[in-house]
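Here are the chains, one letter per residue:
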Amino acid sequence: MRALEGNQLEILEMQGEDVVVGAIWQLQDDGKTLMRWGIGRSPEGKSKAYTEFFSHP
């Protein structure tokens, strides 16, 4: 995990020396929304990009 600019964190999930998930997390809307986007790799070696939002009313 490492801090990026502003309110962003980068989290890399490793398997040995290989990155299997790379994600950026960002807190928005005065802490009411957490956004995550990145790319993950399946055990078969296929990559898939994703974006997720988590919000609190």
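Residue indices follow the written sequence of each chain, beginning from 1 at its first position. The model is predicted, so local features are restricted to residues of pLDDT at least 70 and side-chain atom pairs to those at 80 or more, both for listing and for counting; the totals for chains, interfaces and linings are taken over all residues. Side-chain numbers come from the whole structure's heavy atoms, not from hydrogens or water.

Draft legend 1. Quick look at the overall build of the chain. Check the secondary structure of the chain and you find zero helices and five strands. Helix numbers and strand numbers start at the N terminus; a helix is a DSSP run of H or I with at least 4 residues, a strand a run of E with at least 2. The order of helices and strands in the chain, counted from the N terminus, is β-β-β-β-β. Our radius of gyration is a C-alpha quantity, and the globule rule it is checked against amounts to 2.2 Å times the number of residues to the power 0.38. For a compact globule of 57 residues, the expected C-alpha radius of gyration is about 10 Å, and the chain comes in at 13 Å, more than 25% above that figure. With the C-alpha coordinates aligned to their principal axes, the bounding extent of the chain is approximately 40 × 20 × 15 Å. Burial status follows relative accessibility: with a 1.4 Å probe on protein chains alone, a residue under 20% of its type maximum counts as buried, one over 50% as exposed, and anything between as partly exposed. Here the chain holds 57 residues, and 21% of them are scored as buried.

Draft legend 2. Highlighting the pairing of strand S2 (residues 8–15). Two strands pair under a simple rule: DSSP has to find at least two bridges between them. By the bridge criterion, two bridges tie strand S1 (residues 2–3) to S2 in an arrangement that is antiparallel. Counted as the bridge partner of alanine 3 is leucine 9 from S2. As consecutive antiparallel partners, S1 and S2 are separated by four residues, and within that stretch glycine 6 has a phi angle of approximately 60 degrees, a positive value. Pairing analysis gives eight bridges linking S2 to strand S3 (residues 18–28), with the strands arranged antiparallel. Opposite glutamine 15, over in S3, you have aspartate 18 as the bridge partner. Count of turn residues in the S2/S3 antiparallel hairpin: two residues, of which glycine 16 carries a positive phi of about 65 degrees.

Draft legend 3. Region of the structure containing the sheet that holds strand S4 (residues 33–41). Pairing is antiparallel across the open sheet formed by five strands, whose spatial order is S1-S2-S3-S4-S5. Here the strands that pair on one side only, and so sit at the sheet edges, are S1 and strand S5 (47–55).

In short, geometric facts, not functional conclusions.
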